[in-house]
Amino acid sequence: MFGDFYFDCCVSRHLVIDFVLLSLSSLYYQDIIVNVALIWTDPYIIPFTFLSVRMIPTEDASARKREIEDKLKQEQETLSFIRESLEKSDQLTNGMVSILSSFESRLMQLENSIIPVHKQTENLQRLQENVDKTLSCLDHVISYYHVAKDTDKIIREGPAGRLNEYLVCIAKIQKAVEYFQDNNPDSPELNTVKARFEKGKELLEAEFRSLLTRYSKPVPPILILDAIGGDEDIEVQEDVTLEHLPEAVLQDIICISLWLVEYGRNQDFMNVYFQVRSSQLDRSIKGLKEHFRKNSATTAIHSPAVQAKRKETPTKKAPKRPVYIPGTIRKAQNLLKQYSQHGLDGKKGSNLTPLEGFDHDLRGVKHLSDDKHAAVAGKDDVLDVEIDSYIHCISAFVKLAQSEYVLLTEIIPEHHQKKTFDSLIQEALDNLMLEGDNIVSAARRAIMRHDYSAVLTIFPILRHLKQTKPDFDTTLQGTAASTKNKLPALITSMETIGAKALEEFADSIKNDPDKEYNMPKDGTVHELTSNAILFLQQLLDFQETAGAMLASQVLGDTYNIPLDPRESSSSASSYSSEFSRKLLSTYIYKVLGNLQLNLSNKAKVYEDPALRAVFLHNNYNYILKSLEKSELIQLVAVTHKRVESSYRELIEQEIQNYQRSWCKVTEHLTERNLPALMPGTKLKDKERQIIKDKFKGFNDGLEELCKIQKVWAVPDKEQRDAIRHAQKRVVSDAYKAFLQRCANISFTKNPEKYHRYTPEQVGDMIDKLFDTSA
């Protein structure tokens, strides 16, 4: 019977094996599947085995049996090997436990014998260390009692030449003072080392003053000029460094300063510093002034290194150093001063400078003597140097102050730097501001004398002050408000006096008295015109400055210029350049209007309307030519577009007024009262007399006008030729027509008596008008 046979049992290993072998011997089962689950509960007993056996009959059971027996044999051998290994492991374990127990016993014995020795040795070492420390402390304490004696020689000799060694001695003395104060305040040694410490500190302060005084020198003027921009015309330029102190000396001063701040607890050295450096700063600026007095204002002297660089490097741009050009202002000042001081007093004033196209022999103006010219020129040269000197001194102050601040930051503690710097620059700054106030006061006195040329001195200075103000404010940042406000106050003062001078000059142009003896006899350009135009031309170089002057005072109200809301600040510097330009444009137009009104009043002095017309024509033409030659015409056109056409109309009007003077000549050539002239007609005595009177009137009138107007002046050659040509055309044509009408008429036995001039001769006579040399 075939089928599956399952059983589960808990048996020993031998029973399982026997059961398997018994089952395999049966031929009725093909195979056996044994599943053994071993549960180890003891290392020497096979756990219970759970078997699941499936018996399958097979044809080759014997072969199967042998295979199983072989496997069983191998398993038995493996089991025997494992059993032997376990036995050996137990033996080794027991041996190791025995060895460890013996080692532990011996280690306990060793520890019990070593620990007492270690503790004793540790105590001895601690005692040794305490003895060494005690001896060291004793030596250290004893050294404090010998500090005064050991350092006496070095302290008495001072720190000169051995600052580091001296500071080491001072440090020893300081430590001795601290020791006695903490441990034995009643010790007499404390007083000794205190006295020695104070002596050492005093010598350090003396050395600080000595080094600073001995090595602080004024900066040479040549280096100052180079530093403020004397080399900026060189394309490749290195910054000029101002070295106030040698490097080694500077390091010693810094060391002393640090010690005095940290240990000296004394700020007196800061006062010494600013006093010494302030004196050198002031001397440097004064030396620059002296340099300008000794040398020409236009001479630029540089250091040899800079000169060598200049030879090697081509110049490609104009120098930016604030060089004041004396000639332009001097020329205006001469003329204006002569006008202001002499013209209003009834004396002839300055030489008029002819414009291009004008003759140079302007008549009717008295020339100054050569001696007076030389004296005025010499005085003006001095003034030029003073102006140039002051402008450069302002720039030098800013540059030197910046350099001083850099030096100060290395020596003075940070929290004292601003205050010390403020004190350091006061003397030099006050002197500069005082000089500026003197310039303002001199200008104010000159204005009271109606010497308006003084304002021209202020223009270059004021412009430079305003250009320098940003650097000035940056340099003085952190100083007292009173210090920072000094330059703005000077600028405001100059703007105020400048605006006053401009306004009073405009009023003086309007109110200049009409004096017959001050009028040019030949009707040439009046000195008032030339001086006024020359004054206005100087404003072109200072448009922003002059506009700011006016803006700071009038705010556009005087000239009816609407103020932009963005320009409502009370500071003149806040006004836009466009607004200032409009103010200046309106001011110039106002001066021109006042000048025109004054000239019209002055022209009334001339009894001859023709001379009056020539006078006004010359002045109007001079004004227009001057406006066109310079940029004044564009500046005035900012607010008054028709200024050029207005003057051309005035000029044309005066030409027409002049031409009317010839009507009394040409009226004799008209047909009025002239009898009917027919060839061959016999004239009555009355008719002949009429013709004779016309010839005589024309001849006498022509001769008289040519004689009178020959000495008149029309300086502008173009205008002079145009007037001659126009008048010659009118007179010659009328004369020719008159001669043709009387050609075949016999009105006299002596025709040459009345027919004195040919038309060509008349033209030649007119061509000699306004020419005394003809």
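Predicted model, so just to flag it, every value in this text is computed and none were measured. (Residues numbered from 1 in each chain as written. Predicted model: local features only at pLDDT ≥ 70, side-chain atom pairs only at ≥ 80, totals over all residues. Heavy atoms only, no water.)

(A) Structural context of the overall build of the protein chain. Secondary structure assignment for the protein chain yields 25 helices and 0 strands. Sorting the 774 residues of the protein chain into buried and exposed places 43% on the buried side. Restricting to contacts in the protein chain with at least 6 residues of sequence separation, those with at least 24 account for 80%. Entry remark: accessible area of the protein chain is about 42100 Å², with carbon and sulfur atoms responsible for 53%. (Helix = DSSP H or I, 4+ residues; strand = E, 2+ residues; numbered from the N terminus. Buried < 20%, exposed > 50% of the residue type's maximum accessible area, 1.4 Å probe, protein only. Contact = heavy atoms within 4.5 Å. Areas by Shrake-Rupley, 256 points an atom, 1.4 Å probe, with all protein chains shown as cover.)

(B) Spatial organisation of the pattern of salt bridges. By the definition in use, this model includes 27 salt bridges. One salt-bridge network, in which partners are shared between bridges, spans Lys696, Asp700, Glu703 and Arg756. (Salt bridge = Lys/Arg side-chain N within 4 Å of Asp/Glu carboxyl O.)

(C) Highlighting the side chain of Ser530. Locating Ser530 in the fold gives a position in helix α15 (residues 527-540). A distance of 3.0 Å separates a polar atom in the side chain of Ser530 from the backbone oxygen of Glu527. (Polar contact = N/O pair within 3.5 Å; in protein donor to acceptor, adjacent residues only side chain to side chain.)

(D) Here's a closer look at unusual backbone geometry. One non-glycine residue, His450, adopts positive backbone phi at about 65°. The class for His450 is partly exposed, based on a relative accessible area of 38%.

(E) Structural view of the confidence of the model for the protein chain. Model confidence for the protein chain is summarised by a mean pLDDT of 78, while 74% of its residues fall at 70 or above. Below pLDDT 50 for its whole length, residues 297-321 participates in 49 contacts with residues either more than four positions away or in separate chains. (pLDDT = per-residue confidence, 0-100.)

(F) Highlighting the packing of helix α11 (residues 414-448) against helix α12 (residues 454-475). Direction vectors running N to C along α11 and α12 enclose 160°, while the axes themselves pass 11 Å from each other. Our classification of the angle between α11 and α12 gives roughly antiparallel. Between α11 and α12 lies a crossing of left-handed hand. Within the contact between the two elements, α11 uses Phe421, Leu429, Ile439, Ala443 and Ala446 and α12 uses Ala454, Ile458, Ile461, Phe472 and Thr475. Among the residues making up the contact of α11 with α12, the classes are represented as 9 nonpolar, 1 polar and no charged. (Axes fitted to C-alpha atoms, helices over the stretch in contact; angles between N-to-C directions. Parallel < 35°, antiparallel > 145°, perpendicular 65-115°, else oblique. Left-handed = near helix turned anticlockwise from the far one by under 90°. Nonpolar A, V, L, I, M, F, W, Y, C, P; charged D, E, K, R; others polar.)

(G) Inspection of the nonpolar core at higher detail. Membership of the largest hydrophobic core comes to 166 residues, with the highest contact counts inside it found for Phe397, Tyr587, Tyr658 and Trp662. At 14 residues, the largest contribution of residues to this core is made by helix α10 (residues 370-411). Excluding anything up to four places from it in sequence, Tyr658 contacts Ala610, Ala613, Val614, Gln709, Trp712, Ile723, Gln727, Leu769 and Phe770. (Core = buried A, V, L, I, M, F, W, Y, C linked by side-chain atoms within 4.5 Å.)

(H) Main features of the side chain of Ser284. By the element assignment, Ser284 lies in helix α7 (residues 268-294). For Ser284, a relative accessible area of 3% puts it in the buried group. What Ser284 contacts, discounting residues up to four positions off in sequence, is Pro218, Val219, Ile224 and Leu400.

(I) Examining the packing of aromatic side chains more closely. One pass over the structure, following the stated rule, counts 15 aromatic pairs. Ring plane angle 70° and centroid distance 5.3 Å describe the contact between Tyr179 and Phe180, whose orientation is recorded as edge-to-face. Taking relative accessible area as the criterion, Tyr179 reaches 18% and is therefore assigned buried. Measuring from ring centre to ring centre gives 5.8 Å for Tyr658 and Phe770, while their planes differ by 50°; the resulting arrangement is tilted. Here Tyr658 is found in helix α20 (residues 643-659), whereas its partner Phe770 is found in the segment after α25 (759-767), with 112 residues between them in sequence. Residues Tyr658 and Phe770 agree in their burial class; the two are buried. Feature note: the residues Tyr145, Tyr179 and Phe180 constitute an aromatic cluster, connected by ring pairs. (Phe/Tyr/Trp six-rings, centres within 6.5 Å; stacked < 30°, edge-to-face > 60°.)

(J) Structural detail: helix α4 (residues 188-215). An ideal rise of 1.5 Å per residue puts 40 Å on 28 residues; α4 measures up with 41 Å between its terminal C-alpha atoms. For α4, every residue scored as buried is listed here: Leu190, Val193, Arg196, Phe197, Gly200, Lys201, Leu203, Leu204, Glu207, Phe208, Leu211 and Leu212. (Expected span 1.5 Å × (residues − 1).)

(K) Up close: the packing of helix α17 (residues 577-603) against helix α18 (residues 609-629). It is the contact of α17 with α18, at a shortest axis distance of 9 Å, that shows an interaxial angle of 160°. The angle between the axes of α17 and α18 places the two elements in the roughly antiparallel class. For the element pair α17 and α18, the recorded crossing hand is right-handed. Contacts between α17 and α18 pair Leu592, Leu595, Gln596, Leu599, Ser600, Lys602 and Ala603 from the former with Arg612, Phe615, Leu616, Asn619, Tyr620, Ile623 and Leu627 from the latter. Looking at the contact of α17 with α18 residue by residue, the classes come out as 9 nonpolar, 3 polar and 2 charged.

(L) Representation of the environment of Glu189. Within the fold, Glu189 resides in helix α4. The spatial distance from the C-alpha of Glu189 to the C-alpha of Val177 is 8.7 Å, given a sequence separation of 12 residues. The residues contacting Glu189, other than those within four sequence positions of it, are Tyr145 and Phe180.

(M) A look at a nonpolar patch on the surface. On the surface, Phe103, Leu107, Leu110 and Ile114 cluster together into a nonpolar patch covering about 410 Å² of accessible area. With respect to the secondary-structure elements, Phe103 resides in helix α2 (residues 61-157). A relative accessible area of 54% places Phe103 in the exposed class. (Patch = residues over 30% accessible without salt bridge, like charges linked within 9 Å, V, L, I, M, F, W, Y side chains within 5 Å.)

(N) Inspection of α25 at higher detail. Among the residues of α25, Pro759, Val762, Gly763, Met765 and Ile766 are the ones counted as buried. Looking straight down α25, one finds that the buried residues subtend no more than 160° of arc, so they occupy a single side. Contact partners of the buried residues in α25: α22 (685-710) and α23 (717-741). (Arc of directions from axis to C-beta.)

(O) Region of the structure containing the environment of Leu595. The topology assignment puts Leu595 in helix α17. Accessibility expressed as a relative area gives 1% for Leu595, which makes it buried. Aside from chain neighbours lying at most four places away, what touches Leu595 is Ile509, Leu528, Thr529, Ala532 and Ile623.

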